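# Residue-level structure breakdown
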Amino acid sequence: MNDEKTFNELVRLRAEVKRLRRALSRLEPGLGALLRRRGFTIYKKEPVDDLLLPAKKYQAGYYTMLHKYSFRLFLRDVIKHQELFTLEDVARYATPAKTKEYLDYLLSIRLIRQKPEGCVLAKGPVTSFGPTLEWYVAEVFKREFGSETVWGVKFKRPRVGGDYDVIAKLDGSLVYLEVKSSPPKQIYDSEIAAFLDRVEDLSPAVAIFLMDTELRMKDKIVPMFEKELRKRDERPPQVARMERELFGITDRVFIVNAKESIVRNIKLILERALKNGCFRTG
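Residues numbered from 1 in each chain as written. Predicted model: local features only at pLDDT ≥ 70, side-chain atom pairs only at ≥ 80, totals over all residues. Heavy atoms only, no water.

### Comments concerning the nonpolar core
With 56 residues, the main nonpolar core has Tyr 62, Phe 71, Leu 106, Tyr 136, Val 175 and Val 206 as its most contacted residues. In terms of residue count, the dominant contributor to this core is helix α6 (residues 130–145) (8 residues). The contact partners of Leu 106, leaving out residues within four places of it in the chain, are Phe 71, Phe 74, Leu 75, Val 78, Leu 111 and Ile 112. By size, the runner-up hydrophobic cluster in this structure holds 32 residues, among which are Leu 31, Leu 34, Val 153 and Ile 221. (Core = buried A, V, L, I, M, F, W, Y, C linked by side-chain atoms within 4.5 Å. Buried < 20%, exposed > 50% of the residue type's maximum accessible area, 1.4 Å probe, protein only. Helix = DSSP H or I, 4+ residues; strand = E, 2+ residues; numbered from the N terminus. Contact = heavy atoms within 4.5 Å.)

Next up, the structure:
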């Protein structure tokens, strides 16, 4: 009985923290204002053409499903075979029974249509899972941390260009995330350099290089960061393991994968950054 009472109290307190954060957020400068203070004005954001997203009434459930790594891998295969696929085509990362469950779910929220010879995307073409992953990570900040967010952002910047995948406002400060849906073998030195350039240009309180993979970061990604940091500094900061596949560079730049869960790993990073005094109002 006491365990149930404690659990209910924790749920209530978490909801109250989210409510207070939302209330505080309304009193602080908005995300757009924080960007403008740094000389950044949003040129484009949140492109919908390449987004694998159901109608609004289904989005809460879809968000919950996206917590599952196997479901995200399944969606990648659905996109790969979107013109026509069978259960066998999209069952590489889950059992046939679980894959059938995922297919039935997509049919129920009308993201795919059934044909006699197989299934097809109801909306298409979708060229990449990347924008959907960016939408999901932005929703994590909104739903779990009460943050104002924007994703798929482009700025008109003379020196540093490219997309800023997700930007969030948390406790009056900026959090920037580079979100990779590709496996480590498809990540190149230029992408690491571009991420660090954007961190320097935007100067967020916290920056996260997030890879949607359960593969080890130490094998390729961490060495790539170490190599790039040596190019920039004669005495580069250390890339230190915080735990498992979560690494920190100084107190505000982090590298992490999806092992355990994306929500859990982001939460650990934000807790660490908060303890280190990274978040400042304004």
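### A closer look at unusual backbone geometry
Between Gly 124 and the following residue, Pro 125, the backbone shows a cis peptide bond with an omega angle of -5 degrees. On the secondary structure map, Pro 125 appears in the loop between β3 (118–121) and α6. Here Arg 110, not a glycine, exhibits a phi torsion of approximately 65 degrees, which is positive. Relative to the assigned elements, Arg 110 resides in the loop between α5 (96–108) and β2 (112–115). Judged by relative accessible area, Arg 110 falls into the exposed class, the value being 60%. A positive phi angle, close to 50 degrees, is found at Asp 171, a residue other than glycine. Its location among the elements puts Asp 171 in the loop between β5 (163–170) and β6 (173–180). Overall, Asp 171 belongs to the partly exposed group, its relative accessible area being 24%.

### Considerations on the pairing of strand β10 (residues 253–256)
Taken residue by residue, a regular strand's side chains alternate between the two faces of the sheet. Burial along β10 is two-sided: the face carrying Val 253 and Ile 255 and the face carrying Phe 254 and Val 256 are both buried. Sheet topology note: the strand β7 (residues 206–211)/β10 ladder contains 4 bridges and is parallel. Bridging across to β10, Phe 209 finds its partner in Ile 255. Inspection of the sheet shows strand β9 (residues 246–249) paired to β10 by 4 bridges, in the antiparallel sense. Across the sheet, residue Leu 246 finds its bridge partner in β10, namely Val 256. (Pairing = 2+ DSSP bridges.)

### Focus: the packing of helix α4 (residues 69–80) against α5
The geometry of α4 relative to α5 is characterised by a closest axis approach of 11 Å and an angle of 70 degrees between their N-to-C directions. With respect to their mutual orientation, α4 and α5 come out roughly perpendicular. Taken as a pair, α4 and α5 cross one another with a handedness that is right-handed. Contacts from Ser 70, Phe 71, Phe 74, Leu 75 and Val 78 in α4 reach Thr 99, Tyr 102, Leu 103, Tyr 105 and Leu 106 in α5. Here the residues of the contact of α4 with α5 are counted per class, giving 8 nonpolar, 2 polar and no charged. (Axes fitted to C-alpha atoms, helices over the stretch in contact; angles between N-to-C directions. Parallel < 35°, antiparallel > 145°, perpendicular 65-115°, else oblique. Left-handed = near helix turned anticlockwise from the far one by under 90°. Nonpolar A, V, L, I, M, F, W, Y, C, P; charged D, E, K, R; others polar.)

### Quick word on the packing of helix α7 (residues 189–202) against helix α8 (residues 221–232)
The N-to-C vectors of α7 and α8 enclose an angle of 55 degrees; their axes lie 10 Å apart at closest approach. In terms of their interaxial angle, α7 and α8 are classed as oblique. The crossing of α7 and α8 is right-handed. Listed contacts from α8 to Asp 189, Ile 192, Ala 193, Phe 195, Leu 196, Asp 197 and Glu 200 of α7 are Met 224, Phe 225, Lys 227, Glu 228, Leu 229 and Arg 232.

### Quick notes on α8
The end-to-end C-alpha distance of α8, which contains 12 residues, comes to 17 Å, matching closely the 16 Å that a straight helix rising 1.5 Å per residue would cover. If you check which residues of α8 are buried, you get Ile 221, Val 222, Met 224, Phe 225, Glu 228 and Leu 229. The buried residues of α8 all sit within an arc of 155 degrees when viewed along its axis, so they share a single face. Seen from the open side of α8, the exposed residues pointing more than 90 degrees away from its buried face are Arg 230 and Lys 231. Buried residues belonging to α8 abut α7, β7, β8 (239–243), β9 and β10. (Expected span 1.5 Å × (residues − 1). Arc of directions from axis to C-beta.)

### Focus on the side chain of Asn 265
Within the secondary structure, Asn 265 sits in helix α9 (residues 262–275). Among the residues examined, Asn 265 registers a relative accessible area of 3% and is labelled buried. A polar contact is formed between the side chain of Asn 265 and the backbone oxygen of Lys 259, at a distance of 2.9 Å. When sequence neighbours within four positions are dropped, the list of residues in contact with Asn 265 reads Leu 246, Val 256, Asn 257, Ala 258, Lys 259 and Glu 260. (Polar contact = N/O pair within 3.5 Å; in protein donor to acceptor, adjacent residues only side chain to side chain.)

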